[in-house]
Amino acid sequence: MKKYSLVFSILLVLSMLLAACQTATTVPTQAPVEPGKAEEPTKATEPGAAATESQTLIVWDQFYRDVESNVLDTLNQEFEAAHPGVKIERVVKNLDDLKVTEKLALSEADGPDVAQVNQGRSDMGALVQANLLLPLNDYYTKLGWDKIVTGSIASRNSFTADGKTMGSGNIYGVSPTAEVVGVYYNKTLFQKNGWAIPASFEEFMSLLATIKAAGVTPISFGSLDGWNAIHEFSAIQHLLVSPEYINNLVYGTGAVSFDTPENQLAAQMLLEIADGGYFTDGFAGIGYDDSNKSFKAGEGAMTITGSWLASELIEGTDQEFGFFLLPGMGGKAGMAIGGVGIPFAIRQGTPKADLAAEYLTWMISPRAAQLWAEISYMPAMEVPADTKIEEGSLFADTLKAWDTVNKANLVGHYIDWATPTFYDTLVAELQKLLGGETTPVEFTAAVQKDYADFLAKQQ
Amino acid sequence: MNRLRAYPGESKYQGLVYLLPGLAIYLVFTFWPVLQTVRTSFLNWEGLAPEKNFIGLANYLQVFTDDKFWLALSHNLIFIIFYCLIPIFIGLLLASLLGRYPLKGFTFFRTILFLPQVLSMVVIGVAWRWIFNPTFGPLNLLLRAIGLGSLARPWLGDFALALPAVGSVGTWVQYGFCMVLFLAGMQRISEEYYEAADLDGANAWQELLFITIPGLRAEIGVALITTIIAALRVFDLVFVTTRGGPGEATLVTGFLVYRSAFLQNRTGYAAAIATILTLIILALSLLVRRYQAGDAWSKT
């Protein structure tokens with residue numbers, strides 16, 4: 001008995017361990033947690049009571065937070081008012097729930113007519129492959145979306161018809177919101193010390209020295225969580241490479257290499273910033289949130305991250321903050337990391353495709369831009385001139401930054417999309433680089449190995 | 001083991017019926033998923049796609065040729081020092097201090113020392129992340145306050161120190177458990193042995209070595225098994241503190257399983273690692289069982 005009881009108890013413990021792994025087969029994968037996409041309970045809006053003989057448009061979206069949800073509700077009401085006889089049945093889910101349920105729902109004959117579909121190979125790519133999304137190319141020109149959504153942005157919601165290659169082929173969605181990575185600066189500190197916003201990357205580098213000489217941490221940064229180190233590197237990388245290169249890298253086209261002089265130079269410059277002591281002391285042991293807390297409390301003159309941080313930064317602090325794009329080499333306008341939010345797509349086979357397309361137009365209308373801007377949420381579309389945006393506010397800065405790169409077709413990419421393992425590889429290799437374990441040349445070579453493996457498998 | 005016995009008028013199998021609900025839950029929620037995991041380890045499956053191809057041992061071959069797996073496993077083995085050996089040593093020391101000599105506030109100390117064991121691993125991880133924080137963490141503040149500022153480090157971000165730092169958190173969690181286990185075991189050791197040893201002139205150290213430790217063989221065995229399992233399957237602490245970084249300095253097998261299965265869609269590969277890990281744990285546990293053989297396990 002004693003033998004069996006022990007073996008049994010060990011089996012019990014082990015089976016729990018294995019059971020934990022087993023969930024992998026039932027729960028779909030989750031992307032690394034992105035800021036501003038925390039889970040909250042979902043809710044479904046009640047369908048309106050007054051049902052007429054009219055058309056009902058079923059819309060699934062993931063704007064579940066109250067302020068965001070209000071924007072959608074307002075837009076929907078105005079859409080109904082502008083289209084007599086049309087009723088919108090809105091279903092709200094958080095992104096994770098949406099991703100899980102919509103694959104099945106979109107294959108149903110009475111599924112949603114319009115749904116938000118996450119970009120990426122495993123979501124939009126899989127749906128395109130299963131022929132569940134309507135190509136929107138005709139509407140794109142017919143309804144004038146091409147004037148609202150510029151080329152580089154439209155391609156973000158594109159896939160080849162086989163669902164295998166991102167960034168080309170048909171357009172399957174339009175995004176109402178956007179984000180851009182740039183430099184937040186502490187206006188209070190800048191004014192007190194007479195520092196000016198740099199006009200070129202060279203000025204930026206000499207500003208770092210000036211700030212450090214004044215006894216202030218130039219760039220508030222913490223690489224313990226890893227992912228934001230990708231942004232610090234890639235922000236510099238974006239200034240050195242061409243839009244074609246970044247597109248090819250992320251879309252897996254053109255067989256480009258990561259092991260290039262530009263990427264080595266970007267790694268070298270990042271290392272100079274780190275070795276120059278321009279990052280927070282002991283940054284390797286500090287997490288993203290902790291680093292931002294310090295920055296918000298007035299420690300550190302600048303921090304490099306995305307526009308999503310803006311709303312968090314302005315609350316509960318006596319410091320004033322601004323935002324500018326990392327200036328280009330020699331003052332030349334460079335690319336900035338950025339992208340568009342989760343796009344709206346139309347179900348293949350819906351009998352209400354035209355109405356659905358009109359709804360999409362509505363979602364990227366000037367009115368939509370205005371409503372998003374009013375809650376300090378960056379719209380992908382240009383904001384109408386009469387929108388109330390506080391002059392000199394942080395949101396005004398981020399908006400201006402997005403407008404600049406978007407109009408100039410200089411919106412880059414989150415490079416960790418390039419391969420399924422790119423995120424983990426980049427994080428580990430950047431930590432090694434910054435920790436002095438590897439050189440810039442070894443860094444690009446190690447990352448290239450991951451990329452080459454992926455390209456080889458794609459063949 | 002007693003043979004099945006029945007009260008008059010009852011079937012001797014009646015008792016087994018009462019086991020059924022528990023057994024059913026165990027089979028459905030634990031045993032079946034385990035079998036599924038083992039099955040998955042033979043498949044080429046991306047977790048979402050409907051296609052699953054049987055590829056035999058290919059996943060296992062890939063695991064064995066993956067440098068990252070061996071690196072992660074070596075970190076797990078180092079964790080055995082921090083999760084198992086050091087806590088058992090501290091636990092023995094504390095138990096012999098608290099258990100042998102009457103001490104004022106004994107219950108208080110026992111509770112305080114056991115406390116880390118009842119906290120959630122995630123809470124512990126978050127708390128220690130703050131303690132290790134280079135700028136406002138108490139550890140570095142303390143070092144600077146006592147003039148040892150030169151020793152202050154970005155603990156969790158330092159390539160040489162991250163693994164011992166995370167490991168020492170494991171020590172902090174485990175030693176209380178070992179101590180309580182040993183304290184309970186010591187109550188079973190007859191006082192006469194110690195008296196006899198005292199008469200023979202044995203000192204405290206000799207008593208620990210020749211009476212307490214042999215007397216605690218069963219408890220040490222239990223402590224070894226549970227802490228070794230904890231060291232090999234560690235995931236939560238690494239996930240919360242370092243996510244395997246910096247670089248791969250704290251990468252452990254549990255995190256590799258999570259990363260492969262949930263972030264990289266390599267479900268079959270992850271299942272293979274999990275299965276191998278399970279076999280390793282099983283083997284080590286049986287080894288410890290050997291050490292225990294013929295001892296007091298059956299008496300407990």
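In this numbering scheme, every chain counts its residues from 1 along its sequence in written order. For this description, chains carry letters from A and ligands carry numbers from 1, given in the order in which they are written. With the structure being a predicted model, the display of local features is reserved for residues of pLDDT at least 70 and the display and counting of side-chain atom pairs for 80 or more, all residues being used for whole-chain, interface and lining totals.

Caption draft 1: Structural view of the overall build of chain A. Here a strand is any run of E in DSSP of at least two residues, a helix any run of H or I of at least four, and the numbering for each starts at the N terminus. Across its full length, chain A carries 19 helices and 10 strands. To sort residues by burial, count the other C-beta atoms lying within 10 Å of each one's C-beta; a count of 20 or more means buried, 12 or fewer means exposed, and anything in between means partly exposed. C-beta atoms are built from the backbone. Sorting the 459 residues of chain A into buried and exposed places 49% on the buried side. Considering only residue pairs separated by 6 or more positions, chain A has 77% of its internal contacts joining residues 24 or more positions apart. In this description, any two residues whose backbone-derived C-beta atoms lie within 7 Å of each other are considered to be in contact.

Caption draft 2: Geometry of the overall build of chain B. When its secondary structure is counted, chain B shows 13 helices and two strands. The buried share among the 300 residues of chain B stands at 42%. Across chain B, every contact between residues at least 6 apart in sequence was considered, and the portion connecting residues at least 24 apart equals 72%.

Caption draft 3: Fine view of the pairing of strand E8 (residues 321-324) of chain A. All names here are of chain A. Where burial is concerned, the two faces of E8 differ: the one with Phe321 and Phe323 is buried and the one with Gly322 and Phe324 is not. Paired strands, as defined in this entry, are two strands with at least two bridges between them according to DSSP. Of the pairings in the sheet, the one linking strand E6 (residues 178-186) to E8 comprises four bridges and is antiparallel in character. Of the residues in E8, the one forming a bridge with Tyr185 is Gly322.

Caption draft 4: Highlighting helix H5 (residues 121-131) of chain B. All names here are of chain B. If you check which residues of H5 are buried, you get Ile124, Trp128 and Arg129. Looking down the long axis of H5, one finds its buried residues gathered within 135° of arc, a one-sided arrangement. Exposed positions of H5 whose direction lies more than 90 degrees from the buried face are Val122 and Val123. Those residues of H5 hidden inside the fold are in contact with helix H4 (106-118), helix H7 (162-186) and helix H11 (236-241). To be clear, the arc concerns the directions from the helix axis to the C-beta atoms.

Caption draft 5: Region of interest: the domain arrangement of chain A. Residue and element names in this part refer to chain A. Note that the domain bounds reflect an automated or database-derived domain assignment. Domain boundaries assigned for chain A yield domain 1 (55-177 + 341-387) and domain 2 (179-339 + 413-458). Each of domain 1 and domain 2 has a C-alpha centre, and these two points are 31 Å apart. Each residue gets one label: Ala, Val, Leu, Ile, Met, Phe, Trp, Tyr, Cys and Pro are nonpolar, Asp, Glu, Lys and Arg are charged, and the others, such as Gly, are polar. Among the residues making up the side of domain 1 that touches domain 2, the classes are represented as two nonpolar, six polar and one charged.

Caption draft 6: Expanded view of helix H16 (residues 366-374) of chain A. All names here are of chain A. Buried within H16 we find Ala368, Ala369, Leu371, Trp372 and Ala373. In this structure, the buried residues of H16 make contact with helix H2 (66-82), helix H15 (353-363) and helix H17 (394-407). Positive phi appears at Ser376, one or two residues downstream of H16, with a value of about 60°.

Caption draft 7: Looking closely at the sheet that holds strand E3 (residues 114-116) of chain A. All names here are of chain A. The four strands lie next to each other as E2-E1-E3-E10, forming an open sheet whose pairing is mixed. The open sheet has two edge strands with one neighbour each: strand E2 (86-92) and strand E10 (344-346). Strand-to-strand, the axes of this sheet are offset by a mean angle of 25°, without reference to chain direction. Strand direction decides the pairing type here: strand E1 (residues 55-61) and E2, joined by seven bridges, are parallel. The partner of Leu57 across the bridge, within E2, is Ile88. Helix axes are fitted to C-alpha atoms over the stretch in contact, other axes to C-alpha atoms as well, and angles between N-to-C directions run from 0 to 180 degrees. Each of E1 and E2 is contacted by H2, which is oriented at about 165° to E2, the strand it contacts most.

Caption draft 8: Examining the environment of Ile219 of chain A more closely. Residue and element names in this part refer to chain A. As for its placement among the helices and strands, Ile219 is situated in the loop between helix H9 (201-213) and helix H10 (227-240). What makes Ile219 buried here is the crowd of 24 C-beta atoms within 10 Å. Residues Ile219 and Tyr184, spaced 35 residues apart in sequence, show a C-alpha to C-alpha distance of 9.5 Å. Look past the residues within four positions of Ile219 in its chain and what remains in contact with it is Ile273, Tyr278, Phe279, Gly300, Met302, Thr303 and Ile304.

Caption draft 9: Seen up close, the packing of helix H12 (residues 261-275) of chain A against helix H19 (residues 440-458) of chain A. Residues and elements named next belong to chain A. Where H12 meets H19, the axes come as close as 8 Å, and the angle between the chain directions of the two elements is 130°. Relative to H19, the element H12 lies oblique. Where H12 crosses over H19, the two elements pack in a sense that is right-handed. Of the residues in H19, those touching H12 at Asn263, Gln264, Ala267, Gln268 and Leu271 are Pro440, Val441, Phe443 and Thr444. Across the contact of H12 with H19, the residue classes break down as five nonpolar, four polar and no charged. Here the word oblique covers every angle except those under 35 degrees (roughly parallel), over 145 (roughly antiparallel) and from 65 to 115 (roughly perpendicular). Working rule for handedness: look at the near helix, and if it is turned counterclockwise from the far one by less than a right angle, call the crossing left-handed; if clockwise, right-handed.

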